[in-house]
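Descriptive analysis of the structure
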Amino acid sequence: MGTFLIRRTFWAIFLFLAATIISYVIFFMIPGDPAQLACGRACTQEDVARVRHFLGLDTPVYQQYGQFLWNLVGHQNLGRSFTNRQNVNYLIGQAAPVTAALVFGGAVFWLALSIPIGVLSALRPRSLLDRASMIFVLIGISAHPVWIGLLLSFFFGYKLGWTPIAGYCNFFGAAPGSDCGGPVEWAYHMILPWCTFMLLFAALYVRLIRANVMETLNEDYVRTARAKGAPSSRVLVHHVLRNSMLPVVTILGMDIGLALGGAIFTETIFNLHGLGQQVITSYNQLDLPVIMGIVVFSTIAVIVFNLIVDITYAFLDPRIRLS
Amino acid sequence: MAMLEVKDLHTRFRTDDGVVKAVSGVSFSVEKGETLGIVGESGSGKSVTCLSVMGLVDQRNAELEGSVLLDGQEILNAAPKAMRDVRGTKMSMIFQDPMTSLNPVKSIGWQLEEAVLVHHDVTRKEARKRAIEILEHVKIPRADQRVDDYPHQFSGGMRQRVMIAMALINNPELVIADEPTTALDVTTQAQILNLMLDLQREFHMAIIMITHDLGVVAELAKEVVVMYGGRVVERAAVDSLFTEPQMPYTWGLLGSLPRVDVIQDRLQQISGQPPSLLRPPSGCSFNPRCEFAMDVCRQELPALEEFHAPEHLFRCHLDEETRREIWAAKQAAMAAEVTVG
C-alpha cells in the first residue's frame, strides 16, 4: 500500500505538470492578443501595453508559468481573471458544483438504465429486447449531445411543458438574483440534462455490459456454479454480475473523471453555468487564468477518480493487491 | 437396477450453419459405487453426453432426446427446479480446467459453503465447518486457514482438489469427472487419480471418468465406453476391451498408446481428422479413417452388436474371422516391436 501511494503521488505530480505545461504552450501558440481583448476595443497602443504589463504578459512564458505554479502551490491561488478580475478560485467554486451535479446525477441515470438493459439483453441474445436495445445503442452512439439535448428541450420543455427548457437552480436555497432553489427545483431543472447524459453514455454502457455479461456467462466457473445446483438468480448475482462489472468500474471512473472537466455541449444547450460553459467563454476571451484553473481542476478530477477506481478494484478483485 | 441408466440419448445443437448432432443414440449404465470410463478423441461427444446427463447444456439452442434415469427417476428435460435439486446432491461434476472452474473473486470457503447452502437449510457456520472438513478429506494442508484463501492462491493440483471437494461436499451417488487431470502436470495427475480412488472407497460414489487417456481408464474403470463421432462404438469390461477389442477405432486407440518398452521413431497415430458432427460421413462414421473400410461401411451404419457376452458391444461390419485375424496380427506386430527394442 505504501509503495503504491508513493508511486501514485509521483505519477499525479507528473501528470499535473504535463497537463499544465502543455496547456500553457498551446495557449501561447494560439494567435490573438489577450491584452488587447482584456483592454477592450477603445484602447490605444499605450493602454494595451499598460494592460499587458499589468497582467504580466510582457514577461517570458516560462516566467509566467513559474509565477502561476508558485501562486498555486504556495498560496493555493489560481489568480484573477484577465477580463473581469474575478478570483479564479471563486469562479471554479461556482461552476464546479453545477458540472458535478450534471455528471454524478447523469452517471446514476445512465447506470440505472444501462445495467438492467445490458444484463437482460445478454441473457436473451437475439430477443426482441436485445434487438431493440441494439437500435437504441446505435442511435445513442451516433447522435450528437447537442442534437439530443435540443430535441429533449424542444419536446419536453417547450411542446409539452413538463420540464424547464434550460437553466439551473441551486441545491441549497436560491442563489442571489435567482428566484428558484432547493433540492426539488434543482432536480426538476436537471432532469433533461441528466437524460441527455444518460442517452449518450447509456448506449456505450449497454454495449459494454452486454458484452461483459455474455463473456462471463460462458466462463467455466459459471458452469461450476450451475453444476452445484445453484438457482439461476443466484448464479447471476454472485457469479456473473460480480465478475462482469469489474471492467465497468474502470470505465465508469475514467468517464466521470473526464466528464468533470466540463460537459461542454450539454451545459451549453441547457444554459448550465458549469465548467464546460466557463471554459468556452474564457477561451473566447483568451482568459488564461480561468482556463488554467479549469485545466488544474479537471486534471485533479481525473487523477482522483483513477485513484478511486484502483482502490475500488482492489476491494472487488482479490487477485489485485495495491503494490 | 442400475443407478444411472442412459438410453438412446440424442443431443443436437442448432447453430447458424445447421444442426450439430453432438450425441446420437448413446446408451450406457453405471452401477452404484462403480467406475465407468468414457474414452474418445476431442469432439467425440463424451463431454456433451455428460453435460446432457447433468442438464448443463444450453437449453436455448439444444435439443435433448432419449432417457436418463437416475435411481429410476427420469431426469432428462426435467423441470429446472427438479434438476437443481439433483445437481450437486445426487450427482456432481468435476471439470477439466481447475484454473478457470473456480470463481476468482470468491474465497474457496465461500464457494464450498454455497454448495451446501443451496441444498441444505443450515447456517453459514455449519456450512463452513463442513467445508473445512471436506478440504481435509481431499488433503489440503491447513484446511482451516486455507478455507479463506482465493483460488489464485492455490496451485493447479490444489485447485483440482478443491473442485473434487466441492463435488463431494453433499455426498453424491455419482461424480462425473470430465478429464480431471488433463490440465495438470504428470506428477499431480497421479496424485489426483489416487485421491479419487481413495475417496471412492470412502464415500462409495460411482464415477464416470471421461478421458482420452487409456492408461487412466485401465487403472480406474471397471467398464469402458468408447465413443466416436457422437456414438458408442464399443462398450466392454475393461479387461475385455484391452484383450479382445473388436473395432478398428479401438485398435487404433490401443495402438497409439506410447510405450517405454518399445523404440518408436514416431508415435502411432490414427490418421485423418475426427468427423464433422455437422455433416457426418454416411455409413459408419469412422469409415474415412478406417484402413479396413469396405463398400458397406460407406453406406450403412453398423449396428451395436454383442460379442460373445451381452456386456461387450461393438459396431463393425467386418466379420468375426477377419477381426480376429487383424487384431492377432496387430498384437504380433506390437510384440515384434518389443523384441526388436
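Residues numbered from 1 in each chain as written. Chains lettered and ligands numbered in written order. Predicted model: local features only at pLDDT ≥ 70, side-chain atom pairs only at ≥ 80, totals over all residues.

1. A few points about the overall build of chain A
In plain terms, the rule: Helix and strand labels come from DSSP, where a helix needs a run of H or I of at least four residues and a strand needs a run of E of at least two; each type is numbered from the N terminus. Residues are defined as contacting one another if the C-beta atoms placed from their backbone atoms lie within 7 Å.
The number of helices and strands found in chain A is 14 helices and zero strands. Order of helices (α) and strands (β) in chain A, N terminus to C terminus: α-α-α-α-α-α-α-α-α-α-α-α-α-α. For chain A, the C-alpha atoms occupy an extent of roughly 85 × 55 × 35 Å along the three principal directions. For chain A, the proportion of contacts with a sequence separation of at least 24, taken over those separated by at least 6, is 69%.

2. A few points about the overall build of chain B
Basically, it comes down to this: We take the radius of gyration over the C-alpha atoms and set the globule estimate at 2.2 Å times the residue count to the 0.38 power. In this scheme the burial state of a residue depends on its C-beta neighbours within 10 Å: 20 or more other such atoms mean buried, 12 or fewer mean exposed, and anything in between means partly exposed; the C-beta positions come from the backbone.
Helix and strand content of chain B: twelve helices and twelve strands. In summary, chain B has a C-alpha radius of gyration of 21 Å against a globular reference of 20 Å for 341 residues, a match within 12%. The C-alpha extent of chain B, read off along each of the three principal axes, is 65 × 50 × 40 Å. Among the 341 residues that make up chain B, the fraction classed as buried is 43%.

3. Examining the sheet that holds strand β3 (residues 35–39) of chain B
All names here are of chain B. Stated formally: Any two strands are treated as partners once DSSP identifies two or more bridges connecting them. To get an axis, fit a line to the C-alpha atoms, keeping to the stretch in contact for a helix; angles then go from 0 to 180 degrees between the N-to-C directions.
Reading across the sheet, the eight strands line up as β6-β7-β8-β3-β9-β10-β12-β11 and stay open at both edges, with mixed pairing between neighbours. The sheet is open, and its two borders are formed by β6 (91–94) and β11 (305–307), each paired with just one other strand. Shown here is a sheet whose adjacent strand axes are inclined to one another by a mean of 25°, direction ignored. Here six bridges tie strand β9 (residues 223–228) to strand β10 (residues 231–237), and the two strands are oriented antiparallel to one another. Residue pairing for β10: Met227 is matched across the bridge by Val232. The sheet strands contacting helix α1 (residues 46–54) are β3, β6, β7 (174–178), β8 (206–211) and β9, and the helix crosses β7 at an angle near 150°.

4. As for the domain arrangement of chain B
Interfaces are frequently sized by the accessible area removed from exposure as the parts join. For clarity, the threshold we go by: Residue ranges for the domains originate in an automatic or database domain assignment.
Taken domain by domain, chain B consists of domain 1 (99–171) and domain 2 (248–340). Each of domain 1 of chain B and domain 2 of chain B has a C-alpha centre, and the two are 43 Å apart.

5. Concerning the environment of Gly2 of chain A
Counting through the fold element by element, Gly2 of chain A comes out in helix α1 (residues 2–29). Each C-alpha atom of the pair Gly2 of chain A and Arg234 of chain A lies 37 Å from the other, and the pair is 232 residues apart in sequence.

6. Re the confidence of the model for chain B
All names here are of chain B. Where we set the bar: pLDDT gives the predictor's per-residue confidence on a scale running from 0 to 100.
Mean pLDDT over chain B works out to 89, with 96% of the residues at or above the 70 mark. Within chain B, no element has a lower average pLDDT than helix α12 (residues 320–340), which sits at 81, and none a higher one than helix α3 (residues 108–117), at 95. The ipTM value of the predicted complex is 0.88, and its pTM value is 0.83.

7. Considerations on the interface of chain B and chain A
Residue-level contacts link 24 residues of chain B with 19 residues of chain A. When residues of the side of chain B that touches chain A are traced back to their parent elements, those giving at least two are α2 (80–86), β6 and α3 of chain B.

8. Overview of the nonpolar core
Note the following rule: Each nonpolar core consists of buried Ala, Val, Leu, Ile, Met, Phe, Trp, Tyr and Cys residues. Their C-beta atoms, within 7 Å, join them into a set.
Counting 158 residues, the largest nonpolar core has Ala165, Leu174, Ile176 and Ile208 of chain B as the members making the most contacts within it. If you tally residues by element for this core, the top one is helix α8 (residues 183–217) of chain A, at 15 residues. Two domains each provide a minimum of three residues to this core, namely domain 1 (99–171) and domain 2 (248–340) of chain B. Setting aside anything within four residues of it in sequence, one finds Ile208 of chain B in contact with Val30, Leu36, Ile38, Cys50, Leu174, Ile176 and Ala177 of chain B.

9. Focus: unusual backbone geometry
Residues and elements named next belong to chain B. Positive phi, normally seen in glycine, also occurs at Lys139, with a value near 65°. Mapped onto the elements of the fold, Lys139 is located in the loop between α4 (124–137) and α5 (143–146). C-beta crowding within 10 Å serves as the criterion here: with 14 such atoms nearby, Lys139 is assigned to the partly exposed category.

10. Digging into the packing of helix α7 (residues 145–159) of chain A against α8 of chain A
Residue and element names in this part refer to chain A. For clarity, the threshold we go by: In this scheme, roughly parallel covers angles under 35 degrees and roughly antiparallel covers those over 145, while 65 to 115 is roughly perpendicular and the rest are oblique. We call a crossing left-handed when the near helix sits turned anticlockwise from the far one by less than a right angle, and right-handed when that turn is clockwise. Throughout this entry, Asp, Glu, Lys and Arg are counted as charged residues, while Ala, Val, Leu, Ile, Met, Phe, Trp, Tyr, Cys and Pro are counted as nonpolar. The remaining residues, Gly among them, count as polar.
Following both chains from N to C, one finds α7 and α8 inclined at 140°, their axes separated by 9 Å at the closest point. In terms of axis orientation, α7 runs oblique to α8. Helix-helix and strand crossings are classified by hand; for α7 and α8 the assignment is right-handed. Only Leu192, Cys195, Thr196, Leu199 and Leu200 of α8 make contact with α7, whose side of the interface consists of Pro145, Ile148, Gly149, Leu152, Ser153, Phe156 and Gly157. By residue class, the composition of the contact of α7 with α8 is eight nonpolar, four polar and no charged.

11. So, the sheet that holds strand β2 (residues 18–30) of chain B
All names here are of chain B. Within the open sheet, the four strands sit side by side as β2-β1-β4-β5. Their pairing is antiparallel. The two strands at the open ends of the sheet, each matched to only one other strand, are β2 and β5 (73–74). The sheet contact formed by strand β1 (residues 4–15) and strand β4 (residues 62–70) spans eight bridges and is antiparallel. Its bridge partner being in β4, Thr11 is matched across the sheet by Leu64.

12. Thoughts on the pairing of strand β12 (residues 309–314) of chain B
All names here are of chain B. Pairing analysis gives two bridges linking β10 to β12, with the strands arranged antiparallel. By the bridge assignment, Arg235 is partnered in β12 with Leu313. With antiparallel pairing between neighbouring strands as the criterion, β11 and β12 make up a hairpin whose turn holds one residue, including His308 at a positive phi of roughly 60°.

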